[in-house]
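# Coordinate inspection notes
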Amino acid sequence: MTDKMDTADILFRYLREMIYNPETASLELEQLPEEFRQLGQGLQQLDIWMKEMRRLSLTMARGDLSCLSHDKENVLAAPLKELQGTLRHLTWQTQQVAKGDYGQTVDFMGDFSEAFNEMTRQLKERRDALIEEKRHVEEKNAELEQTFELAMAFANNNDHMIFIHSLDGQGELFQNRSAREFVRKHPESAQLIQEHLAIWDRQEIRKTMTWEFSFNMGKEDGECIYFSVESYPIVWRHQRAIVHIAGNDTERRKREHHMYRLAYADPLTGLYNQRYAMEQMRALMEQHKPFTLSFIDVDYLKYCNDTLGHKAGDLYLLDMAQSLGTLGGVLCRTGGDEFMIIQMERTAEQQDEELEHVRSLVQIRGEKMASPRSFSYATCEIPANPKKTLEEYILIVDSRMYQYKVKNKKPLADMVYRDDRKLD
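What this report covers is the structure whose coordinates are included nearby. (Residues numbered from 1 in each chain as written. Predicted model: local features only at pLDDT ≥ 70, side-chain atom pairs only at ≥ 80, totals over all residues. Heavy atoms only, no water.)

### Considerations on the overall build of the protein chain
- On a plain count of helices and strands, the protein chain comes out with twelve helices and nine strands.
- Here the C-alpha radius of gyration of the protein chain, 53 Å, is well above what a compact globule of 424 residues would show, namely 22 Å.
- Of all 424 residues assigned to the protein chain, the portion counted as buried reaches 36%.
- Considering only intrachain contacts with a sequence separation of at least 6, the fraction spanning at least 24 residues in the protein chain is 53%.
- Considering the protein chain, the positive charge centre built from 55 side chains and the negative charge centre built from 70 side chains are found 6 Å apart. (Helix = DSSP H or I, 4+ residues; strand = E, 2+ residues; numbered from the N terminus. Rg over C-alpha atoms; globule rule 2.2 N^0.38 Å. Buried < 20%, exposed > 50% of the residue type's maximum accessible area, 1.4 Å probe, protein only. Contact = heavy atoms within 4.5 Å. Lys, Arg positive; Asp, Glu negative; His and termini not counted. Charge placed at Lys NZ, Arg CZ, Asp CG, Glu CD.)

Structure below.
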């Protein structure tokens, strides 16, 4: 009985060591009775299979699927070997997916299979979408290239000068034919243009800007040349840039100036005309800015025209315009013998004193020339918040000045209206 108890204890300790200390577990068959040695051999075989299963398990746990089982009859390791084979196949499928084969599907581990198959489905959809997008981009690039070539053709056949400057320190990237021709013919002026453009290069503008500049091209008459420029940021050949489209605006400026002169200037004296005066006064009243208004009538003009001729009359008007121009303000010729002065920050009394001084100088000059010269005038102040319309002010000042002349029946040169200048 004691021998049997000792044998059972030996086998139990061996079995326990196989489980908890497999590296040191061992069994000496000679220690066992004859009838237990076959059982001992079975336990040893079990120990071998368990060690192999443990080795496979630990190796797979570290992610190494290359470990091979040497005993094909190890039934304990069979599930692990099957799992190893499945994982190796799954690894191969994953590698195929990485190479672009999105047709791989698995039916392993339920939720994992669903996730894997959904992943490959989405990857396939995204790849197909990217392929389609790539095709679309290639088509667009081809269209853009054609558009670019067409734009270059337009640019080179454009009368405006086109300069493209790098904003990444690469200097000038493009000049069209007009720009190159101008640079060749006028290198000094081209340098001035580039200096003006460089100012806007440093601004790093974010939207289209329209601006102007001018300079003298060295002509003897000192004529100023005007340029209008449109500048806007672009990406040129994968780098930040700014486009400047510069047009010679000189002729347009001349035409505008000519039209302006026709619309707002008196052709004889070069002063502003009545239209300009009316627009300026309306603007001042809308802005609630007070101003002083003076009407001037030139005396003896008809006498000068009738006795000395209209050329002398024109010279008389020019002399009068020059004399009244010394007063400052906005001087306008509003009729044949009528002038108007719009004065800021000056009272009616101050304006009258200045007008009287100028009139005395004009009269003295007339006496020296043995040709009577003088003018009549009326002045009023228009407040910041007027109670009358501009037309009412003009009508009152105009009518009162002429009423005063008729009433007093004095020589025109001596008639000066001074009363009731503040009409409110």
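### Observations concerning the packing of helix 2 (residues 34–61) against helix 3 (residues 78–98)
- As a packed pair, helix 2 and helix 3 sit with axes 10 Å apart at the nearest point and diverge in direction by 25°. In terms of orientation, helix 2 and helix 3 fall into the roughly parallel class. Note on packing geometry: the crossing formed by helix 2 with helix 3 is left-handed. Counting all contacts with helix 2, which are made through M53, L56, S57 and M60, the residues of helix 3 involved are L80, K81, L83, Q84 and L87.
- Per-class residue counts for the contact of helix 2 with helix 3 are six nonpolar, two polar and one charged. (Axes fitted to C-alpha atoms, helices over the stretch in contact; angles between N-to-C directions. Parallel < 35°, antiparallel > 145°, perpendicular 65-115°, else oblique. Left-handed = near helix turned anticlockwise from the far one by under 90°. Nonpolar A, V, L, I, M, F, W, Y, C, P; charged D, E, K, R; others polar.)

### Notes on the side chain of R333
- Examined against the element boundaries, R333 turns out to sit in strand 7 (residues 330–333).
- Given a relative accessible area of 14%, R333 falls into the buried group.
- From its side chain, R333 meets the backbone oxygen of G335 in a polar contact 3.0 Å long.
- A polar contact of 2.9 Å, which involves the side chain of R333, links it to the backbone oxygen of G336. (Polar contact = N/O pair within 3.5 Å; in protein donor to acceptor, adjacent residues only side chain to side chain.)

### Let's talk about helix 2
- Compared with an ideal rise of 1.5 Å per residue, which puts 28 residues at 40 Å, helix 2 spans 41 Å between its outermost C-alpha atoms and is within 8% of the ideal.
- Buried within helix 2 are the following residues: G40, L43, D47, W49, E52, L56, T59 and M60.
- Positive phi appears at G63, one or two residues downstream of helix 2, with a value of about 90°. (Expected span 1.5 Å × (residues − 1).)

### Concerning the sheet that holds strand 1 (residues 161–166)
- An order of 2-1-5-4-3 is seen for the five strands of this open sheet, with the pairing classed as antiparallel. Each having just a single partner strand, strand 2 (172–175) and strand 3 (209–216) make up the two edges of the open sheet. Pairwise comparison of adjacent strand axes, ignoring direction, gives a mean angle of 25° for this sheet.
- Strand direction decides the pairing type here: strand 1 and strand 5 (residues 239–248), joined by six bridges, are antiparallel. Within strand 5, the residue paired with I164 across the bridge is V243.
- Helix 5 (residues 177–185) rests against strand 1, strand 2 and strand 4 (224–236) of the sheet, and its axis sits at about 95° to strand 1.
- Packing against the sheet, helix 6 (residues 187–203) makes contact with strand 1, strand 2, strand 3, strand 4 and strand 5, and its axis sits at approximately 150° to strand 3. (Pairing = 2+ DSSP bridges.)

### Digging into the sheet that holds strand 6 (residues 291–299)
- Here we have four strands laid out as an open sheet, ordered 7-8-6-9, and antiparallel in their pairing. Two strands lie at the open edges of the sheet, namely strand 7 and strand 9 (374–382), each paired on one side alone. When strand polarity is set aside, the average angle formed by the axes of neighbouring strands in this sheet is 20°.
- Bridge analysis of strand 6 against strand 9 gives nine bridges, and the strand direction is antiparallel. Each bridged residue has a counterpart across the sheet, and for F295 the counterpart in strand 9 is A378.
- Relative to the sheet, helix 11 (residues 348–368) contacts strand 6, strand 8 (338–343) and strand 9, its axis offset from that of strand 9 by approximately 170°.

### A closer look at the pairing of strand 7
- The pairing of strand 7 with strand 8 spans four bridges and is classified as antiparallel. Paired with R333 across the bridge in strand 8 is F339.

### With respect to the packing of aromatic side chains
- Within this structure, the stated rule accounts for nine aromatic pairs.
- Arranged with centres 5.7 Å apart and planes meeting at 35°, the rings of F174 and W236 form a pair that is tilted. With a gap of 62 residues between them, F174 in strand 2 and W236 in strand 4 connect regions that are remote in the sequence. Considered together, F174 and W236 belong to a single accessibility category, that of buried residues.
- For the ring pair Y264 and Y276, a centre distance of 5.8 Å and an interplane angle of 80° mean the geometry is edge-to-face. In this pair, Y264 is assigned in helix 7 (residues 250–264) and Y276 in helix 8 (residues 274–286), connecting sequence segments twelve residues apart. Of the two residues examined, Y264 and Y276, each falls in the buried class. (Phe/Tyr/Trp six-rings, centres within 6.5 Å; stacked < 30°, edge-to-face > 60°.)

### Points about the pattern of salt bridges
- Applying the stated criterion to the full structure yields 21 salt bridges.
- Residues R55 and E52 are paired through a salt bridge, measuring 3.9 Å at the closest nitrogen-oxygen approach. Of this pair, R55 and E52 both sit in helix 2, separated by three residues, roughly a single helical turn.
- Relative accessible area serves as the criterion here: at 32%, R55 is assigned to the partly exposed category.
- Two residues, R282 and E391, come together in a salt bridge whose shortest N-O distance is 2.5 Å. Taken as a pair, R282 in helix 8 and E391 in helix 12 (residues 390–408) lie far apart in primary sequence, 109 residues in all.
- In this structure E391 comes out as partly exposed when scored by relative accessible area, which is 41%.
- Ionic contacts of the salt-bridge type, sharing partners, join the residues E118, R121 and E125 into one network. (Salt bridge = Lys/Arg side-chain N within 4 Å of Asp/Glu carboxyl O.)

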